[in-house]
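Here is how the chains run, residue by residue.
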Amino acid sequence: MALKCGIVGLPNVGKSTLFNCLSNARAQAANFPFCTIEPNIGMITVPDHRLAALVEIDKPKSVVPATMEIVDIAGLVKGASKGEGLGNKFLANIRETDAIIHVLRCFDDDNVTHVDGSVNPVRDKGIIDTELQIKDLETVEARIGKVEKQAQSGGDKTAKRLLEILLQYKEVLLQGRNAREVELDNKDDVKLAKELFLLTDKPVLYVCNVDEKSAQTGNNYVKQIEEAIAAEQAELLIVAAKTEAEIAELEEFEERQMFLEELGLKESGVARLIKASYALLNLQTYFTTGADESRAWTFVKGTKAPQAAGIIHTDFEKGFIRAEVIKYNDYITLRSEVAVKEAGKLSVEGKEYIVQDGDILHFRFNV
């Protein structure tokens, strides 16, 4: 499964610069609004040292890392919910994503204009939140109008429950809060809610775009955002997009690492952003490896073995017999499947086995 994240924000906050770092694509990063008219799409590989270690041992003919799709969406402005600027296009594009990477400008630079004339990331965040909430409220109210009659007829239990959920969303949205703040514990309720495709129900990662000197510790703008999102179910990441772009231009890995060390960073903001996006959606990785191919497979935390097998091919799930499981550390230590078996470290698991992050799996099936 490929994760699809949408990069959003006001014009000129660094969205396209960050996108370029992530995908090595060259979205136009000009100093004026709406320079990204159509959503730029980049398919990027997920950095994972574990896959590299497996490749070193098995020396396979092919290597397939996990991937993530990044969509750089046109800058949103106040009034987007009513079609202002490129609002309708923005809202249609963001609806198709799994998660939102919300870029906020947290740096001063007189050479980079701000659509509202001054740097204020809390205000900027509020503008986008409001526009998305207005659109969600329209969606919810329209759906209430359709479901209400079904629910009142008395026979449709699903319609009744959906109406209750919709009314919860309406109450929260009218308060200027995001749909993700509504807590749904029941799996059936969660499924019903997902079918509404609400924009503010998507997981969000706030990226504070800072200047180079603030790359490690942040600044006052970042502190303001931390306070603003304290009550939200959201994550925050500090990235110096302009500096990241300069690092991405370096050809040698060693040069890039030296640059990062000078900034006091262990890894690039790009790598941290990808990992944070995975964590945001509760995603993990298992591996298949051998002489032909070493490959990373993405799954949702808590997935059982048959469903994990189905990620490779539906036949694997339908005819699932068992999963042969090797723990990553054991494989790295013993350096071959044969050695792992001889050491008694290979386990055979059935349909109830919950796949763990880093598992090396071989599925047995019959169709």
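Higher on the page you've got the structure.
Residues numbered from 1 in each chain as written. Predicted model: local features only at pLDDT ≥ 70, side-chain atom pairs only at ≥ 80, totals over all residues. Heavy atoms only, no water.

Here the focus is the overall build of the chain. Helix and strand counts for the chain come out as 14 helices and 12 strands. In summary, the chain has a C-alpha radius of gyration of 23 Å against a globular reference of 21 Å for 367 residues, a match within 12%. Its C-alpha atoms give the chain principal-axis dimensions of roughly 65 × 65 × 35 Å. Looking at the chain residue by residue over its 367 residues, the buried ones come to 48%. Across the chain, contacts joining residues at least 24 apart in sequence account for 70% of those joining residues at least 6 apart. A total accessible area of about 18300 Å² is found for the chain, and carbon and sulfur atoms account for 49% of it. Between the centroid of the 45 positive side chains of the chain and the centroid of its 58 negative side chains there is a distance of 5 Å. (Helix = DSSP H or I, 4+ residues; strand = E, 2+ residues; numbered from the N terminus. Rg over C-alpha atoms; globule rule 2.2 N^0.38 Å. Buried < 20%, exposed > 50% of the residue type's maximum accessible area, 1.4 Å probe, protein only. Contact = heavy atoms within 4.5 Å. Areas by Shrake-Rupley, 256 points an atom, 1.4 Å probe, with all protein chains shown as cover. Lys, Arg positive; Asp, Glu negative; His and termini not counted. Charge placed at Lys NZ, Arg CZ, Asp CG, Glu CD.)

A few words on the sheet that holds strand β4 (residues 67-72). Across the sheet, 6 strands lie side by side as β2-β4-β1-β5-β6-β7; this open sheet has mixed pairing. Pairing within the sheet leaves two strands with one partner each, and these edge strands are β2 (40-45) and β7 (235-239). The sheet shows a mean angle of 25° between the axes of neighbouring strands, taken without regard to direction. As paired strands, β2 and β4 are joined by 6 bridges and run antiparallel to one another. If you follow Asn40 over to β4, its bridge partner there is Asp72. (Pairing = 2+ DSSP bridges. Axes fitted to C-alpha atoms, helices over the stretch in contact; angles between N-to-C directions.)

In this section: the packing of aromatic side chains. For the coordinates displayed, the defined rule picks out 5 aromatic pairs. Between Tyr286 and Trp297, the aromatic rings sit 6.4 Å apart at their centres with planes inclined by 20°, giving stacked as the arrangement. With a gap of 11 residues between them, Tyr286 in strand β8 (residues 283-288) and Trp297 in strand β9 (residues 293-300) connect regions that are remote in the sequence. In terms of burial, Tyr286 and Trp297 fall into one category: buried. Through a chain of ring-to-ring contacts, three or more aromatic side chains come together here, namely Tyr286, Trp297, Phe299, Phe320 and Phe363. (Phe/Tyr/Trp six-rings, centres within 6.5 Å; stacked < 30°, edge-to-face > 60°.)

What follows concerns helix α5 (residues 157-174). Look at α5: 26 Å from first C-alpha to last across 18 residues, which is about the 26 Å you get at 1.5 Å a residue. Along α5, the positions that sit buried rather than exposed are Ala159, Leu162, Leu163, Ile165, Leu166, Tyr169, Val172 and Leu173. In this structure, the buried side of α5 is in contact with α4 (121-152) and α6 (187-194). Sitting at the head of α5, Asp156 places a side-chain oxygen 3.2 Å from the backbone nitrogen of Thr158. (Expected span 1.5 Å × (residues − 1). Polar contact = N/O pair within 3.5 Å; in protein donor to acceptor, adjacent residues only side chain to side chain.)

Looking now at the pattern of salt bridges. By the definition in use, this model includes 20 salt bridges. Where Asp129 meets Lys125, a salt bridge forms, and the shortest distance between an N and an O atom there is 2.5 Å. Of this pair, Asp129 and Lys125 both sit in helix α4, 4 residues apart, which is roughly one turn of that helix. For the pair Asp129 and Lys125, a shared accessibility class is recorded, and that class is buried. Between Glu337 and Lys341 there is a salt bridge, with its nearest N and O atoms 3.4 Å apart. Of this pair, Glu337 and Lys341 both sit in helix α14 (residues 337-342), separated by 4 residues, roughly a single helical turn. Among the charged side chains, a network of salt bridges with common partners joins Lys125, Asp129, Arg180 and Glu232. (Salt bridge = Lys/Arg side-chain N within 4 Å of Asp/Glu carboxyl O.)

Along the chain, the position of Val103 falls in strand β5 (residues 99-105). For Val103, a relative accessible area of 2% gives the class buried. In this structure, the C-alpha to C-alpha distance between Val103 and Val207, residues 104 residues apart in sequence, is 4.7 Å. For Val103, the residues in contact, after removing those within four places along its chain, are Ile7, Val8, Gly9, Val13, Gly14, Lys15, Leu18, Val207 and Asn209.

Before going further, it helps to examine helix α2 (residues 49-58). Buried within α2 we find Arg50, Leu51, Ala53, Leu54, Ile57 and Asp58. One side of α2 carries all its buried residues, which in axial view fall inside an arc of 160°. Facing away from the buried side of α2 by more than 90 degrees, the exposed set consists of His49 and Glu56. Once α2 finishes, Lys59 follows within two positions and takes phi at roughly 45°, a positive value. (Arc of directions from axis to C-beta.)

To continue, consider a negative patch on the surface. On the surface, Glu212, Glu246, Glu261 and Glu262 cluster together into a patch of negative charge. Note that Glu262 resides in helix α9 (residues 253-262). The class of Glu262 is exposed, set by a relative accessible area of 65%. (Patch = residues over 30% accessible without salt bridge, like charges linked within 9 Å, V, L, I, M, F, W, Y side chains within 5 Å.)

All right, on to the pairing of β8 then. One face of the sheet, then the other: side chains in a regular strand alternate in exactly this way. Extensive coverage of β8 is indicated by the burial of 6 of its 6 residues. Going residue by residue along β8, you find Leu283, Thr285 and Phe287 tucked away on one face and Gln284, Tyr286 and Thr288 tucked away on the opposite face as well. When β8 meets β9, the two strands line up antiparallel, connected through 6 bridges. Bridge pairing in β9 links Thr285 to Thr298.

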